[in-house]
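# Close look at the chain arrangement
Here are the chains, one letter per residue:
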Amino acid sequence: MSDQNPDARTEPTGSTHAPPCVIVLAAGAGTRMKSRTPKVLHAIGGTSMVGHALNAAYGLGPRAVAAVVRHERDLVAGHIESMDKRTIIVDQDAVPGTGRAVQQGLESLDGESEISGTVVVTYGDVPLLTARTLKDLVDHHEAGRNAVTVLTAVLADATGYGRVLRGEDGNVVAIREHKDATEQELSVREVNSGIYAFDAAVLRSSLREVTAENTQGEMYLTDVVEIVRGHGGRVAAFVIEDRWQVEGANDRVQLSALGRELNQRVTEGWMRAGVTIVDPATTWIDVSVDLAEDVTLLPGTQLHGATVVQPHAVIGPDTTLTDVEVGPGAQVVRTQGSGARIGAGATVGPFTYLRPGTDLGADGKIGAFYETKNVRIGRGSKLSHLGYAGDADIGEYSNIGCGNITANYDGVNKHRTVIGSHVRTGSNTVFTAPVSIGDGAYTGAGAIIRRDVPPGALALSIAPQRNAEGWTLAKRAGTAAADAAAAAPSNKPKHTESTQESDHS
């Protein structure tokens, strides 16, 4: 578009009915984070900051989304593509600045033909920004037929932020960086979020006039505002009351503050949806978690990933679940679990470790100090305490005794144990896989099962007990154990009155 045509910079040309395009800026190094992990990949609420930004962008129903990357390019681009393969990855070149990043993003969106309509520019480090806010920004922008609309917030302390300067008509005339502002301008509390809605044609033309001739040697996107104003274009502001939505995270202190605020919003949202959360301050819920009405979360509960909890289930206290499905009415107490399924009415804990592949049937039980992995447990079966079940299938209504373990690993390969229904196993039974226990079978205490057990059979490992009497006195003389043994009644001489009388009779 010719620079000789001033209307190109002032009059919006796109249809207000076309979905917007979105450019997400995610190229920064984030040195203040002091991390080998790129800033935008740091997570709150179970999702990376750039992930939150993309979710908000796609919540607009856009025609296209472009993400501009540079620092740790492959890590960031790979992460973005894993979230949504529709995202166009744009590599920012050596020219620094947000203006250059947006220019390259726009060029990628243009592709073979120039796009028209609204272009939204947002950032990969504003994780609390919502799709609803972006939609309101776009609606305000298009209703006013603005060339540029900037999302702003009014802060009690605006230190460090670029100030939004308005003219007598209320429109934006400039955005002044804090370090460049006069005393009078510093008194302004309305600040630039850096998030914009642009008319595509106006943005494209104005960016051609942005230079890097400044002390920082960068192309500033904020320069577009004054360029558009200089050509008579309308620049408006859309003020958001919720300042958290435009807060970025430049270091771990700010990241933590954003995480607490997000979690507070998540817990409040679930409570209003019918979930009882006894202590929201110690309860952490990822944005991807799904909870039903009448779920109860006790203090110290953390729910992550794709965890789903059905009605009337009780979780906690002191429980962490990641990608776990909890059925209706189940109870999970002081448990660490991942990649597991807990059936309706089942109970788990306390002090239980559910590893991936655990599938506990309805009304079943995995009790105290138990570890499970890759095990299917049928309805009503109980693994009550002090054991390990791995690579196993357990039928219905079986009772696995205290201290039972499946010895599933031979040092090279892992093997499966199959235990039928209505089985009763004695304490300290060891199942040496691969082995199968038939329905209705029993095992005796201390049994080591090396061969299949037929249905209804009793499996025993019998070895005669041998007592080496006097061993402690002979082999541990002088110890407290030996002294206790010597003093025991069974080691005292058996001279009784009745014996003496009988000798004389």
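Below is a short write-up of the structure. Since the model is a prediction, treat every value here as computed from it, not as a measurement.

### Quick notes on the packing of helix α2 (residues 49–58) against helix α3 (residues 73–83)
Two elements in contact, α2 and α3, have axes whose closest approach is 10 Å; the angle formed by their N-to-C orientations is 40°. In terms of axis orientation, α2 runs oblique to α3. Pair α2 / α3 crosses with right-handed handedness. Across the interface between the two elements, Val50, Gly51, Leu54 and Asn55 from α2 touch His79, Ile80 and Met83 from α3. Its residues placed into classes, the contact of α2 with α3 shows 4 nonpolar, 3 polar and no charged.

### Points about unusual backbone geometry
Look at the link from Gly316 to Pro317: it is a cis peptide, with omega at 0°. Here Pro317 shows up in the loop between β18 (314–315) and β19 (320–322). The backbone phi angle of Asn428 is positive, close to 60°, even though this residue is not glycine. Here Asn428 lies in the loop between β32 (424–425) and β33 (430–432). Classification of Asn428 by relative accessible area gives partly exposed; the value is 49%.

### Quick notes on empty space enclosed by the protein
In this approach the atoms are scanned with a rolling probe the size of a water molecule, which exposes any empty space left behind. Within this structure, the stated rule accounts for 2 cavities of 30 Å³ or more. The volume enclosed by the second largest cavity comes to roughly 50 Å³. Along its surface, the second largest cavity is lined by Tyr370, Leu383, Tyr388, Ala389, Ala392, Ile394, Ile400, Asn404, Ile405, Thr406, Ile419 and Phe431. For the lining of the second largest cavity, the elements supplying multiple residues, two or more each, are β28 (382–394) and β30 (405–407). Per-element accounting of the lining of the second largest cavity gives the leading share, 5 residues, to β28. Residues of the lining of the second largest cavity, tallied by class, amount to 10 nonpolar, 2 polar and no charged.

About the cut-offs
Residues numbered from 1 in each chain as written. Predicted model: local features only at pLDDT ≥ 70, side-chain atom pairs only at ≥ 80, totals over all residues. Heavy atoms only, no water. Axes fitted to C-alpha atoms, helices over the stretch in contact; angles between N-to-C directions. Helix = DSSP H or I, 4+ residues; strand = E, 2+ residues; numbered from the N terminus. Parallel < 35°, antiparallel > 145°, perpendicular 65-115°, else oblique. Left-handed = near helix turned anticlockwise from the far one by under 90°. Contact = heavy atoms within 4.5 Å. Nonpolar A, V, L, I, M, F, W, Y, C, P; charged D, E, K, R; others polar. Buried < 20%, exposed > 50% of the residue type's maximum accessible area, 1.4 Å probe, protein only. 1 Å grid on protein atoms, 1.4 Å probe; cavity = no way out; pocket = protein on both sides within 12 Å on 5 of 7 lines; lining within 4 Å. Points joined across faces, edges and corners; volume = space filled by probe spheres on them.

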